[in-house]
Structures are given as structure tokens and as C-alpha cells.
Amino acid sequence: MNRQSLDELKQQIPLLGYLQAHDWHPARPLSRGRWMGLCPLHEDHKPSFLVDSSKSLFYCYGCGRGGDVIRFAELYHQVKFPQALALLQQWRGLAPLLHEAASFYRMQLHRHGEAVAYLRQRGVRSPELIEHMRIGYAPGGCLRGWLTRLGHPLPALRQAGLVTSAGYDAYLHRIVFPLEANLYGRSISTSAPPHRFLPGAKGGLYSWEQAQSYPEVIVVEGLFDYAVLWEAGFRNVTCSLGTHLNALQFQQLCDAPRTVYLAFDSDGNHSGQNAAQWMSRRLRTRGVAALRVALPDGQDPNSFFVEGGDAHQFQRLLEAARP
Ligand SMILES: [Zn+2]
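Just so you know, these numbers come straight off a predicted model, no measurement behind them.

Chemist: Looking at this model, I keep getting lost on the sheet that holds strand 6 (residues 136-138). Mind explaining?
Modeler: Within a sheet, each strand pairs with its neighbour through backbone hydrogen bonds, oriented either parallel or antiparallel. Read from one edge to the other, the open sheet built from 4 strands follows the order 6-7-8-9, with strand pairing classed as antiparallel. Whereas interior strands pair on both sides, the edge strands pair on one side only; in this sheet they are strand 6 and strand 9 (195-197). Averaged over all adjacent pairs, the angle separating strand axes in this sheet is 30°, with direction ignored. Both strand 7 (residues 174-178) and strand 8 (residues 183-187) contribute to a ladder of 5 bridges, which runs antiparallel. Bridge pairing links Phe-177 to Tyr-184 in strand 8. Packing of helix 4 (residues 81-109) onto the sheet brings it into contact with strand 6, strand 7 and strand 8, and relative to strand 6 it is tilted by some 95°.

Next comes the structure, spelled out in C-alpha cells:
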């Protein structure tokens, strides 16, 4: 890549926008488009990360690192310069592509009775919820044609993971939930692996922008858990997409004083409960009040509501939560 295309890439990806897409929030403004915030590159407790949005440069007074958006991508994703470039190029093209794919899947949802029936069975009924989560359906076998007609080249679809190397739609018979920079697909057929993501990071906590303003936040493992809680009126809910929180998700929970309720699955092999216990210890070392919600044996928040539990009963589980 020559000097000119490097400059072009940097121009097309303003550092501040890239940071914000990775859930960085300025804590306070300085003069002339300069911002301070917590450093996303090290465990930061008071804002030491300076961003100059007009020059698209950063510097951290804590860990002493700084540079442009490419340097940031190297450090943040822990990759070398060529991989950082590849990630940024991919990122530049990926957002519009995923947006188109998600819109297409949303159009398909109500054309496929089996998808709507599956959602009902998982407690997802209201149009408001489907709209809020932008839920769609991948019937398989038609996304590729749609996107190529819109002008997206096949190699880009392959690179995004939307189409397999053999040229077929990657998602087949899956309920699709758009994430920050990914699409989660839940199979409605029992013969396929239940959970799939596109290649690339799962990103930060789900719908964190909304949840983070509450002093008490409920964290669940799965998007269907999120869905039933939202439907039951809980707006202070977020989802970690699995029991393992990545560094960004963990950092998000620690970025302000709050109480965190961990409502992981109460499954037979205790993996959800073990993960919750470990997470609550880690959060408490960072000064976050973390409490574990004990669901009835064998249940997750989704089955709790699907099998007749209501908001009042769930509230009682929150009140009974322990460290
Ligand atoms: Zn730092």
C-alpha cells in the first residue's frame, strides 16, 4: 500500500469515529476538538487517553502509547501493521454490507411462518421488540443474489463471511440479530449448530448505550434472555453473548459505579453459575457491586418467562441475588 492510499484510508476512518464504534466514550472535552477518556489499551481508572479529533491522533498519559488510527488498531487488536491495515480496510467496507444484509433478513422475517413460530415459542411476540432488536430471518439461498444485485462484489461477501467459500449463503434457517459489527444467527433447526457469528469480534455488550445509564444493570448470556426481559419491561438489561466477557465488555461494566446482576443460565453442568461466580469476583476486585441471580434449576431467563414467570417474580429473584 503506498503513501497515498494509506492517507486515504486514514481519512476515511476518522479516529474518533473508530474509537466510538469500539465503545470508547470521551469523559471530558478539552480545547479545539480534543477529548480525554479512559484508555482502551490498558486498565485505566482515571481518564488518561487524549484524542485529537481534528488531527485524528491519540496519546495515553498512562501507558505512554500514541499514534494514528492504524497504530490504534495495531495495539487494540494486538496485530502487526499489515493485519491492522487489513482489519481497517475490512471495517471500512463491512458496516454498509452488514447493514444491507440485516435489512434484507428483516424483510424476510414475516414471509416465513416457521421463523415467526420459532420466535413465539421463545417468547418474542411484540412488534415493538422485533423492531427494537431489528430481528430478521435468513431463509438461506437468496442473500447472495440480493447483495450482488445491489453491487456488492462476491469476494467482499466472502470476506465478511456472509457467503461461504463455495458461494452459498452462510446463514440458513437462522433467526438473525444485528450486533455492532457482526450478525448473530440462531438456528431454528435442531440439526445445525445453534449459535453462529460472522468472523470477527462479537463486540461490546449488547445495547450498552441504553443499559449503561442505569445504576443497576442485568447481564444475561443470550439474546433470547435479553428479549424476554426487555418485553417484561426491564430496560436496564444487556447481553454478553456467552458466559465469557471479552476485555471490552468487562471494561464497560467497570466504567462507572453501578450494581451488576449476573443472570446466567442455571444449567445442569453449572457452567453458567460457575462463570457468574468467577465474573462476580473479578468485578468486585474492580469495585463493582456484582450479584448473582439464582434461577430455578435448569432454567435461563428465557425459559423462566416462557414457562410463565412474570416481571414481579423476576424482580424477587433480583432482590434475592447474592455476591
Ligand atoms: Zn493507556
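Chemist: Teacher, can you tell me more about the environment of Ile-188 here?
Modeler: Structurally, the position occupied by Ile-188 is in the loop between strand 8 and strand 9. Taking C-alpha positions, Ile-188 is 9.2 Å from Leu-119, a pair spaced 69 residues apart along the chain. In contact with Ile-188, other than residues within four places in its own chain, are Glu-114, Ala-115, Tyr-118, His-173, Arg-174 and Ile-175.

Chemist: Where do I start with the domain arrangement of the protein in this structure?
Modeler: As a measure of interface size, the accessible area lost when the parts come together is often cited. According to the domain assignment, the protein contains domain 1 (3-78), domain 2 (93-197) and domain 3 (208-319). With centres defined by C-alpha atoms, the gap from domain 1 to domain 2 works out at 32 Å.

Chemist: Would you mind going over the pairing of strand 4 (residues 57-60) with me for this structure?
Modeler: Taken residue by residue, a regular strand's side chains alternate between the two faces of the sheet. Burial along strand 4 is one-sided: Phe-58 and Cys-60 are buried, and none of Leu-57 and Tyr-59, which face the opposite way, are. In sequence, strand 4 turns back onto strand 5 (residues 66-67) through a hairpin of 5 residues, with Gly-64 there showing a positive phi of about 75°.

Chemist: Any chance you could explain the sheet that holds strand 1 (residues 26-29) here in plain terms?
Modeler: Within the open sheet, the 5 strands sit side by side as 1-2-3-4-5. Their pairing is antiparallel. Each edge of the sheet is formed by a strand with only one pairing partner; in this case those strands are strand 1 and strand 5. Two strands pair when backbone bridges link them, and strand 2 (residues 34-37) and strand 3 (residues 49-52) are joined in this way by 4 bridges, in the antiparallel orientation. Residue Trp-35 lies in a different strand from strand 3, and its bridge partner there is Val-51.

Chemist: Is there a simple way to explain the pairing of strand 2 in this structure?
Modeler: As defined by bridge partners, strand 1 adjoins strand 2 across 3 bridges and the pair is classed as antiparallel. The residue of strand 2 that forms the bridge with Pro-29 is Trp-35. Connecting the antiparallel pair strand 1 and strand 2 is a turn made up of 4 residues, with Arg-32 showing a positive phi of about 40°.

Chemist: For this particular structure, what's the right way to read the environment of Leu-85?
Modeler: Inspection of the secondary structure assignment puts Leu-85 in helix 4. Take Leu-85: there are 18 C-beta atoms within 10 Å of it, and that puts it in the partly exposed class. C-alpha separation for the pair Leu-85 and Ala-294, spaced 209 residues apart in sequence, amounts to 45 Å. Sequence-distant contacts of Leu-85, that is, excluding residues within four places in its chain, are made with Met-1 and Ile-70.

Chemist: Whenever I open this one, the environment of Gly-200 confuses me. Can you help?
Modeler: The topology assignment puts Gly-200 in the loop between strand 9 and helix 9 (208-211). Gly-200 gets classed as partly exposed once you count the C-beta atoms within 10 Å, which come to 17. Considering only alpha carbons, one finds Gly-200 and Leu-87, 113 residues apart in sequence, at a separation of 9.4 Å. When sequence neighbours within four positions are dropped, the list of residues in contact with Gly-200 reads Ala-181 and Asn-182.

About the criteria used
- Residues numbered from 1 in each chain as written.
- Predicted model: local features only at pLDDT ≥ 70, side-chain atom pairs only at ≥ 80, totals over all residues.
- Pairing = 2+ DSSP bridges.
- Helix = DSSP H or I, 4+ residues; strand = E, 2+ residues; numbered from the N terminus.
- Axes fitted to C-alpha atoms, helices over the stretch in contact; angles between N-to-C directions.
- Contact = placed C-beta atoms within 7 Å.
- Domains from an automatic or database assignment.
- Buried ≥ 20, exposed ≤ 12 C-beta atoms within 10 Å, placed from the backbone.

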